[in-house]
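What the coordinates show
Chain by chain, the residues:
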Amino acid sequence: MARLLTDHLLSVLIFLPAAAAAALAFFPGRAKGAIRGFTLAVTAAGLLLAVWLLAAFRPDAGFQFNEWAPWISYFNIHWFVGMDGISLLMVLLTNFLMPVVILSSTRFITEHVKAYHIAFLLLQTGMLGSFLALDFFLFYIFWEVMLIPMYFIIGVWGGKQRVYAAVKFFIFTAVGSFLMFLAILWMVAQRYSATGGLDFAIFSYYPSGLAAASQVWPFLAFTLAFAIKVPMFPFHTWLPDAHTEAPAGGSIILAGVLLKLGAYGMLRFSIPMFPAALAQFLPWLVGLSLVGILYGAWVCFAQDDLKKLIAYSSVSHLGFVTLGLFALTPASVSGAVLQMVNHGLSTGALFLLVGVLYERRHTRMMADFGGLAKTLPVTTALFLVVALSSIGLPGLNGFWGEFLILVGTFQAHPWTAAVAASGVIFSAVYLLTAVRRVFFGPVTHEENTGLADLDLRELICAAALLVPIVWIGVYPKFLLDRITPAIEHTLSIVKGLMP
Amino acid sequence: MKAALLLIILAPLAGFLINVFFGRRLPRAGVTAVAVGSVGLSALLALFVCGAYLSAPEPAAFEYYTVLSVGGVTIPFALQADALSILMLFFVTFVGFWIHIYSIGYMEHEEDYARYFSYLNLFMFAMLTLVLADNFLLMFVGWEGVGLCSYLLIGFYYQEKWPADSGKKAFIVNRIGDFGFLIGIFFIATHFGTLRYEEVFAKLQADPGAYLGVAGIIALCLFVGATGKSAQLPLYVWLPDAMAGPTPVSALIHAATMVTAGVYMVARCNLFFRSSPEAMAVVAVVGALTAIFAASMGLAQTDIKKVLAYSTISQLGYMFLAAGVGAYAVAMFHVFTHAFFKACLFLGSGSLIHACHTNDIFEMGGLRKVMKTTHWTFLFSTLAIAGIPIWAGFFSKDAILASVFAFAGHHHGWAYLLWGLAVVTAFMTSFYMFRLYYVVFGGEYRGKGHPHESPTSMTLPLVVLGGLTAVVGFLGVPVVFHLPNLMERFLEPLTPAVEGLAGTTFHLSHGMEWALMIGSVVVAGLGWLAARALYRTDASWTWVKGFTARHPRLYDTVFNKYYVDEFYDRTVGAALRGVSRFCFSIIDGVLIEGPVNLSGFFVELTGNVLRFLHNGNLRTYALHIVLGVAILLWLVF
């Protein structure tokens, strides 16, 4: 039995939430406490398992904990999962955020509690599967699995415009994944006509071996699918709506993990599979990343809705991530992967705290707040620390990601890096302005005087997020050492083949 | 030594952590003990480290752990003790300790006592990290850290508008500077492959010719950072508003220590600057212009802290002027003396504000009789900043003027102009400081209530710092006195002579040195006399009042600081707001969302049409089939 578990660690990891979701179906809907407690226990177990994997992970050993078993033998499709440093970090992020989300939803989600938790557990299986799949078809299945629960999370438990936001989210993502599916089939067909064998293993396409001209369309299809997910400018307009309307827990997972799948996909598919097309479109991708950084920040200045501001700030921060990826230097790509984690933690924490404010005042408008520092000192302190981490203050996590992205980009494109670095000024402007408007100054609304500060449950959630924010800020090497071999391997595939 | 250096920065950090987590539950005495004790420990250890260095003046660096190592970029957490770090370490911990003591009295009635001291300790941690760092990135960590503490402490009274806005302003303006600093770091990392001072400067020294172009660019990028942190043109605008913070904070952060970090950084990187005469010229010109510009704004201020703030900007300008002409040791000497007299001036102003409950100097007056200690220490430091002999500022300012003059004489004739500006600034400095002195201490008391001397916890630091303003100048005695110039000798390793790089000292004849010295004393004396004539008694103000009444526009322009803030708001601020609205309303709202929603509309429309067809009526379907077959037949044949 123990042997069975240790040989199938990743399968257990992936299907634990789905199994729990199936079990939840038998819970009576009125047993809200039991549903919450059970889900929390399962997600906590998932976190423990992820930490165990972290401890057992060997940075230099490439993909590990691999499992390979025939699945749809007729098409030579396999259950093929494995973990390298990059997926390790993403798995850690996912399983770290999940218990926080479940714990933080307790007071906010009071209707359809069972369905809510089932949706999140299925979503978790989808996310973990996407990060760990090493078979094209498997990846696509998990990618689609994520879509449905998220659609319902926004559409059922969201705000006033939830249906519009949910449909928009669904259509944008579905268009992307449809293109991706076509590209997968086309590539497998090409390989079949060349070799006479069906091959769905992702590794087999490192690189794809297609002629430069034939790389263009599959490359664009994959990259567009991921660019929508990230989102890159100008495919970002689904994001502010989805974020603003989603419940706090949905926003945390959406910003924390789902957006990362776009960047993860670029690093796993777009970059190593199509070197020639990549070289051809690199100026565009670098350029759009740069535009995203500045544009996202500028749009933030114009926001009156705190949640929307944080949503747009993601466009800017993810711009840094894609810039780092497409600068293709070891430092910049490492920084980008680290920044994916950082953004998940910081933006997750920001959405959590905005949720705290929303629960108390039922508004997200900054003008409705002001001077909260007096009544909510702990919330203020935590929000400030998280905002500073998002601004990239040295000593907190965000700085190292941005620094590595920029210094690595500078080696390849000095001017681009210099312009991108101005993003550090703009992020300070919009976030500190938000802090100023919400927390400082005199109390201008009577309703804000008697608010209660964080309760124990909220404090645990926020403090849990702060621990890695500070830890990565002080010692980023620990995580970086685990991802650099995988990144150097990926870059070594590309570098030789780029014209 | 290794442990001592680490403990110097960790002690205030521990103090911060204790007070931030438990401060609200600790009794005041406990908060005080933690805060002052931790900084006291740092100061004692700093003395130990200074002693160890003086007995064996060898620079030493210690590595504690590797922060990261990726793609050829390695960042160690490492501290170093060399002459420059030791100098900064000494006065930062010394002045910092006395300002902590002073704060006990000054913040006595403050509700958020623990929060105040926790920020102050965090500042000490960041400042000491900045000066002890052995690489550019760790310096940057401290650099941004002190900026954060500055933000927190300026906005300490966050419920009021001015402090809350000013803190934000300080952070953002500093970020603009930090942007330049970051670019400089990218250049260094890319071209030198390391960020450790020792390795970078060794490479530069070994082959200065190889880095000539890039070194100048690096120097200018770093200098952009310095103009932010050290409040130079055009980024000085945050410092006057930084006065919204508690006064001891103004003394510690916005006068004695943090704002001099830019000068420290330029001195630390002197090899870069010396690689590029253009970069040096930029530093010198910006310094001289800032010095005179800020001094002129100081002439018309009525808020005691604003006067001191402009004087700080002006004095920092002097320091950059010195650095710009290659006199790095002299610049650091002025940093050192300035720390004592300016801290004393600010603490003195705090004592006055504490007593009179106003910042307006025209609501004070006659205080020399009731606040004897404050009066004497304030007078001492006024003499020091004005440059009156034996007080500290005389030695350092005279050295700056002499260095600029010598530099100008050495093939850089245009620098005589800078020297001229510096001399005029010296006059203005002496004038506005004695104006302040006479208005506050001379005449009769014009305010409300009955001011009285401050408690011992506040006057003791005044006496210590004020007394030292008459002493520390002797560390840098000019050569003409045939006494050892200790400061110059101590800082000698800072500026190694390298062939191919600009020199750092230029010779002056003894006669010329005497002449310059006497000249600078005369200029300071004239400023003093002019202020005395115009402001000594309440009756003597009539001329000034008449003058400002006759020239209202001139007075308003100076009083409103040349409307620079308004100018920035209407250009940079307005541009940003406009771009932001354009992006959000036009690009996002119309150009992107338009087609998206339009396609959504068409999908819906198609759906409605199709729904009309799919009405579930079997006969309609039959009709469709028949129609379809008919069309097919028509197409085929």
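Residues numbered from 1 in each chain as written. Chains lettered and ligands numbered in written order. Predicted model: local features only at pLDDT ≥ 70, side-chain atom pairs only at ≥ 80, totals over all residues.

**Some words on the overall build of chain A**
Spelled out, the test is: For the purposes of this entry, the term helix denotes a DSSP run of H or I that reaches at least four residues, the term strand denotes a run of E that reaches at least two, and both are numbered from the N terminus. Taken over C-alpha atoms, the radius of gyration is set against a globule rule of 2.2 Å times the number of residues to the power 0.38. Counts of 20 or more other C-beta atoms within 10 Å of a residue's own C-beta define buried residues, counts of 12 or fewer define exposed ones, and intermediate counts define partly exposed ones; C-beta atoms are placed from the backbone. In this description, any two residues whose backbone-derived C-beta atoms lie within 7 Å of each other are considered to be in contact.
The number of helices and strands found in chain A is 20 helices and two strands. Against the 2.2 N^0.38 benchmark of 23 Å for 499 residues, chain A shows a C-alpha radius of gyration of 22 Å, consistent with a compact globule. Seen through its C-alpha atoms, chain A measures out along the principal axes to roughly 75 × 60 × 40 Å. By residue count, 60% of the 499 residues in chain A fall in the buried class. Sequence separation of at least 24 residues holds for 81% of the intrachain contacts in chain A that already meet a minimum separation of 6.

**Observations regarding the overall build of chain B**
Scanning chain B from terminus to terminus reveals 26 helices and two strands. Counting only C-alpha atoms and orienting by the principal axes, one finds that chain B spans roughly 120 × 65 × 55 Å.

**Focus: the domain arrangement of chain B**
Selection criterion: As annotated, the domain borders come from an automatic or database domain assignment.
You can read the domains of chain B as domain 1 (135–143 + 158–562) and domain 2 (564–636). Measuring from the centre of the C-alpha atoms in domain 1 of chain B to the corresponding centre in domain 2 of chain B gives 62 Å.

**Things to note about the packing of helix H8 (residues 212–229) of chain B against helix H11 (residues 261–268) of chain B**
Residues and elements named next belong to chain B. Rules: In this analysis, axes come from line fits to C-alpha atoms, helices being fitted only over the stretch in contact, and the angle between any two N-to-C directions falls in the range 0 to 180 degrees. Oblique is the label for every angle not falling under 35 degrees (roughly parallel), over 145 degrees (roughly antiparallel), or within 65 to 115 degrees (roughly perpendicular). Throughout, the ten residues Ala, Val, Leu, Ile, Met, Phe, Trp, Tyr, Cys and Pro are labelled nonpolar, Asp, Glu, Lys and Arg are labelled charged, and all others, Gly among them, are labelled polar.
Orientation of H8 relative to H11, taken along the N-to-C sense of each, is 160°, at an axis distance of 8 Å. When the interaxial angle is binned, H8 and H11 end up roughly antiparallel. Side by side, H8 and H11 meet where Leu222, Phe223, Gly225, Ala226, Thr227 and Lys229 of the first sit next to Ala261, Gly262, Met265 and Val266 of the second. Looking at side-chain class alone, the contact of H8 with H11 contains six nonpolar, three polar and one charged residues.

**As for helix H19 (residues 415–441) of chain B**
All names here are of chain B. The test is simple: The length a helix should cover is 1.5 Å for every residue beyond the first.
When the terminal C-alpha atoms of H19 are compared, their 38 Å separation across 27 residues agrees well with the 39 Å that a helix rising 1.5 Å per residue should span. Of all the 27 residues making up H19, 22 are buried; the element is thus mostly covered by neighbouring parts of the structure. Just downstream of H19, Gly443 is the residue with a positive phi angle, here 65°.

**Describing the pairing of strand E1 (residues 64–72) of chain A**
Filter applied, for reference: Two strands pair if DSSP finds at least two bridges between them.
Here E1(A) pairs with strand E2 (residues 77–83) of chain A via six bridges, running antiparallel. Counted as the bridge partner of A:Glu67 is A:Val81 from E2(A).

**Thoughts on helix H20 (residues 456–468) of chain B**
Residue and element names in this part refer to chain B. Along its 13 residues, H20 runs 18 Å from first to last C-alpha, staying within 8% of the 18 Å computed at 1.5 Å per residue. If you check which residues of H20 are buried, you get Met458, Thr459, Pro461, Leu462, Leu465, Gly466 and Leu468. Lining the buried residues of H20 we find helix H3 (83–106), helix H15 (328–356) and helix H17 (372–386).

**What to know about the environment of A:Trp79**
Residue and element names in this part refer to chain A. Residue position: Trp79 is located in strand E2. Residues Trp79 and Asp135, 56 residues apart in the sequence, show an inter-C-alpha distance of 7.1 Å. Beyond its immediate sequence surroundings of up to four residues, Trp79 is in contact with Glu67, Ala69, Trp71 and Leu138.

**Observations concerning the environment of A:Lys308**
Residue and element names in this part refer to chain A. For Lys308, the location among the structural elements is in helix H12 (residues 306–327). Residue classification places Lys308 among the buried positions, given that 21 C-beta atoms sit within 10 Å. Along the primary structure Lys308 and Pro240 are separated by 68 residues, whereas in three dimensions their C-alpha atoms are 5.7 Å apart.

**A closer look at the packing of H3(B) against H15(B)**
Residues and elements named next belong to chain B. Where H3 contacts H15, the two axes come as close as 11 Å, and the packing angle between them is 5°. As far as their axial angle goes, H15 and H3 are roughly parallel. The segment H3 lies against H15, with Leu84, Leu87, Phe91, Val95, Ile99, Tyr102 and Tyr106 engaging Met332, Phe336, Ala339, Ala343, Leu347, Gly350 and His354. For the contact of H3 with H15, the per-class residue count stands at 12 nonpolar, two polar and no charged.

**Regarding the environment of A:Pro476**
Inspection of the secondary structure assignment puts A:Pro476 in the loop between helix H19 (456–474) and helix H20 (477–495). Counting along the chain gives 76 residues from A:Pro476 to A:Trp400, while the straight-line C-alpha distance between them is 7.2 Å. Not counting the four nearest positions on each side in its chain, A:Pro476 is found in contact with A:Leu338, A:Trp400, B:Val67 and B:Leu68.

**Focus: the confidence of the model for chain B**
Our working definition: Within a predicted model, pLDDT stands for the predictor's per-residue confidence, ranging from 0 to 100.
Mean pLDDT over chain B stands at 89; residues scoring 70 or higher make up 95%. Listed scores for the predicted complex are pTM 0.92 and ipTM 0.92.

**Quick word on the nonpolar core**
All names here are of chain B. The test is simple: Connectivity within a nonpolar core runs through C-beta atoms within 7 Å, and the core itself is a set of buried Ala, Val, Leu, Ile, Met, Phe, Trp, Tyr and Cys residues.
Residues Leu321, Ala343 and Ala422 are the most contacted members of the largest nonpolar core, which totals 427 residues. Per-element accounting of this core gives the leading share, 19 residues, to H15. If we skip the residues at most four places from it in the chain, Ala422 touches Ala288, Ala291, Tyr318, Leu321, Ile400, Leu401 and Val404.

**Quick word on unusual backbone geometry**
Residue A:Phe233 is joined to A:Pro234 through a cis peptide bond whose omega torsion reads 0°. In this structure, A:Pro234 sits in the loop between helix H8 (212–229) and helix H9 (238–245). Cis geometry is adopted by the peptide bond preceding B:Pro234, which originates at B:Leu233 and carries an omega value of 0°. One can find B:Pro234 in the loop between H8 and helix H9 (238–241). In this structure, A:His112 takes a positive phi of about 50° despite not being glycine. Summarising the element assignment, A:His112 is placed in the loop between helix H4 (85–104) and helix H5 (113–132). The phi dihedral of B:Ile390 falls on the positive side, at around 70°, and the residue is not glycine.

**Focus on the pairing of E2(A)**
For a regular strand, side-chain orientation follows a simple rule: the groups alternate between the two sheet faces. Extensive coverage of E2(A) is indicated by the burial of five of its seven residues. A loop of four residues connects E1(A) with E2(A), the two strands running antiparallel in sequence, and A:Asn76 in this loop sits at a positive phi of about 60°.

**Considering the confidence of the model for chain A**
Overall, the prediction assigns chain A a mean pLDDT of 91, with 100% of residues at 70 or greater. Mean pLDDT values over the elements of chain A span from 75, in helix H1 (residues 2–7) of chain A, up to 95, in H4(A).

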